[in-house]
Every structure is written in C-alpha cells, then in structure tokens.
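Architecture and fold: a report
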Amino acid sequence: MSNLTAGKLLIPYSRLARKKITKFSGPQGRIDKIREIITDLLRLERIELPHFVGYESRQYAERLIDLAKKYGDKHEGMMEMADYWILEKDLLPKLFQVIVPRYENRLGPYTQVYKLPIEYQGKGIKKICMELKDNALPPIQAAIPNRNHNNFKLIIFFICIN
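As the structure is a prediction and not an experimental result, all values here were calculated from the model. (Residues numbered from 1 in each chain as written. Predicted model: local features only at pLDDT ≥ 70, side-chain atom pairs only at ≥ 80, totals over all residues. Heavy atoms only, no water.)

Here the focus is the environment of Asp40. Tracing the backbone shows Asp40 in helix α2 (residues 26–44). Since its relative accessible area comes to 35%, Asp40 is described here as partly exposed. In this structure the C-alpha to C-alpha distance between Asp40 and Leu87, which are 47 residues apart in sequence, comes to 9.2 Å. Dropping the residues within four chain positions of it, Asp40 is found in contact with Glu45 and Ile47. (Helix = DSSP H or I, 4+ residues; strand = E, 2+ residues; numbered from the N terminus. Buried < 20%, exposed > 50% of the residue type's maximum accessible area, 1.4 Å probe, protein only. Contact = heavy atoms within 4.5 Å.)

Okay, structure coming up:
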C-alpha cells in the first residue's frame, strides 16, 4: 500500500496569488477557499471566479482527479484525501462513478479555463470561467469581434487626405 496522504496534494504556487487569497483569513483560510471551489466545480462542473483563486484551485482539482483515476475508490488514502478536499460528501460517488470514468482515456488536463471580460463597474477584478471538460453543459463560444480592416483603411485614407 502506498503512502498517499492529503499532504501529497500540495502544489507550489506564487507568493502573489497566495498573498491575495490569504489576505484576511491566513493559510488555513486559503486552503478552505480552495476546498470550497473544488467542491463547487465538482457539483456544478462550470464556475465563475476571480483569476488568482481560480488558477491555483485548478491545479488542486486536476491533481485530485488524476489521483482518483490512478488509485480508485478502493484505496484508503485516496478516499481520505477525497474526503478532505470535497466538502459535500454526496459528491464522492460522483467523483468516482461519473467524473473518473469520463477521463479514463484522457491524460489531462481535465479542466478548461476561459478569461471573462473585466467589469469596470465593480472593483475591476479579472475573472475566469473554469469548467470540467466533456461536460453536459452547452459549450462556451468566444465572442469574436467583427474586424473588418477594409473600413479602417478607408478611414485612415480620408483622414490623411484632409
């Protein structure tokens, strides 16, 4: 039996992101926030959150799914780790019976991240949308602006003539 514990899931991350997450609640608050995000991601399969929290939480979610694929639900250490990182215990069967079989033939990554436009009416915080790949939700389509450069060239031409 391997020595798989919750401490094996620690992932190094930049001090700046750690500082933003731990601003008010310290290191344990940072871990609690990541646990909440992982739980929401497994429940909803698509969430919207600030980018500095999202990118760090993504690494933990990827690692959790990867270890769940490797060890399965019969491994005592894996069940202990999943029990720690997933706050709602009704999601444990979903992890092992729905999400792990979905990614059996995939090496990773298991999540997709999309940058969202900055809302300047509020605090102007950069946000991302993080989702599990191959979910049943409708796909996200990137908004591509109409970049018709012919009109731009005409406008520049008329400005230069005048």
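Before going further, it helps to spend a moment on the nonpolar core. Formed by 33 residues in total, the largest nonpolar core has its most connected members in Ile38, Leu42, Trp85, Ile86 and Leu95. Those elements that place two or more of their residues in this core are α2, β1 (46–50), α3 (51–71), α4 (76–85), α5 (92–102) and β3 (127–132). Per-element tally for this core: the top contributor is α3, with eight residues. (Core = buried A, V, L, I, M, F, W, Y, C linked by side-chain atoms within 4.5 Å.)

This next bit is on the sheet that holds β1. Strand order in the open sheet made by the three strands is β1-β3-β2, with antiparallel pairing throughout. A strand with exactly one partner marks an edge of an open sheet, and here the two such strands are β1 and β2 (111–115). On average, adjacent strands in this sheet sit at an angle of 25° to one another, irrespective of strand direction. Relative to β3, β2 is paired through five bridges, and the arrangement is antiparallel. Each bridged residue has a counterpart across the sheet, and for Tyr114 the counterpart in β3 is Cys129. Each of β1, β2 and β3 is contacted by α2, which is oriented at about 150° to β1, the strand it contacts most. (Pairing = 2+ DSSP bridges. Axes fitted to C-alpha atoms, helices over the stretch in contact; angles between N-to-C directions.)

For the rest of this paragraph, the subject is the packing of aromatic side chains. Throughout the structure, instances matching the rule amount to three aromatic pairs. Here the aromatic rings of Tyr60 and Trp85 are separated by 5.0 Å at their centres, their planes lie at 35°, and the arrangement is tilted. Of this pair, Tyr60 sits in helix α3 while Trp85 sits in helix α4, and the two are 25 residues apart along the sequence. Each ring, one from Tyr84 and one from Trp85, has its centre 5.3 Å from the other, and the planes form 90°; the classification is edge-to-face. Within the aromatic cluster, the residues linked to one another by ring pairs are Tyr60, Tyr84 and Trp85. For Arg35, the ring lying beneath its charged end belongs to Tyr84, and the centroid distance is 4.3 Å. (Phe/Tyr/Trp six-rings, centres within 6.5 Å; stacked < 30°, edge-to-face > 60°. Lys NZ or Arg CZ within 6 Å of the ring centre and 35° of its normal.)

With that settled, consider the pattern of salt bridges. Counted according to the given criterion, the structure contains eleven salt bridges. Between Lys94 and Glu45 there is a salt bridge; the shortest N-O distance is 3.3 Å. Taken together, the residues span a long stretch of sequence, with Lys94 in helix α5 and Glu45 in the loop between α2 and β1 at a distance of 49 residues. Owing to a relative accessible area of 10%, Glu45 belongs among the buried residues under this scheme. The partner of Glu45 in a salt bridge is Arg102, and the shortest N-O contact between them spans 3.1 Å. Of this pair, Glu45 sits in the loop between α2 and β1 while Arg102 sits in helix α5, and the two are 57 residues apart along the sequence. A relative accessible area of 23% places Arg102 in the partly exposed class. Here the salt bridges do not stand alone but share partners, grouping Arg43, Glu88 and Asp90 into one network. (Salt bridge = Lys/Arg side-chain N within 4 Å of Asp/Glu carboxyl O.)

All we've got here are geometric facts, nothing functional implied.
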